[in-house]
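Secondary and tertiary structure notes
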Amino acid sequence: MTSTRSGFVRVLALWTLLTLLLGVVIAAQAALSLNDAQQACFFNFPAVSCPGGDDPAVGRLTFAFIGVPLIWLAGLGFAAARRGLRRPKHQ
């Protein structure tokens, strides 16, 4: 029983680490993209438009802060449900 429990914990820890890494990478890329766009807008204002709410980087940043945690939570729920279904019933 201990080996299955530790295996389950390892899988959940790996899932958490991977989704955290994914969220950080997406957020960092989106923030850098927005920063570059803001600097281009500041230095070349009439020629370069400033990023707005419809900028794709804003969507990626929103996904990093809302979508990735929801995917992580769904994965935890799926893992818990699967573990509950696979556990033998004691009589």
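Before going into details, it helps to say that this report is about the structure given with it. Keep in mind that what you see is a predicted model, and the values were worked out from it rather than measured.

**Re the overall build of the protein**
- In terms of helices and strands, the protein carries two helices and zero strands.
- Across its three principal axes, the protein shows a C-alpha extent of roughly 75 × 20 × 10 Å.
- Sequence separation of 24 or more characterises 73% of the internal contacts of the protein that already satisfy a separation of 6 or more.

**Re a nonpolar patch on the surface**
- The grouping of Leu-14, Leu-17 and Leu-18 at the surface amounts to a nonpolar patch, some 300 Å² of accessible area in total.
- Among the secondary structure elements, Leu-17 is positioned in helix H1 (residues 2-43).

**Description of the state of the cysteines**
- One pass over the full model with this rule turns up one disulfide.
- Bridging Cys-41 to Cys-50, the disulfide has an S-S length of 1.6 Å.
- Cys-50 gets classed as partly exposed once you look at its relative accessible area, which sits at 38%.

**Here we look at the packing of aromatic side chains**
- For the structure shown, the criterion picks out one aromatic pair.
- Taking the ring centre of Phe-8 as reference, the NZ or CZ of Arg-83 above it sits at 4.6 Å.

Analysis parameters
Residues numbered from 1 in each chain as written. Predicted model: local features only at pLDDT ≥ 70, side-chain atom pairs only at ≥ 80, totals over all residues. Heavy atoms only, no water. Helix = DSSP H or I, 4+ residues; strand = E, 2+ residues; numbered from the N terminus. Contact = heavy atoms within 4.5 Å. Patch = residues over 30% accessible without salt bridge, like charges linked within 9 Å, V, L, I, M, F, W, Y side chains within 5 Å. Areas by Shrake-Rupley, 256 points an atom, 1.4 Å probe, with all protein chains shown as cover. Salt bridge = Lys/Arg side-chain N within 4 Å of Asp/Glu carboxyl O. Disulfide = S-S within 2.5 Å. Buried < 20%, exposed > 50% of the residue type's maximum accessible area, 1.4 Å probe, protein only. Phe/Tyr/Trp six-rings, centres within 6.5 Å; stacked < 30°, edge-to-face > 60°. Lys NZ or Arg CZ within 6 Å of the ring centre and 35° of its normal.

Read these as spatial facts, not as claims about activity.
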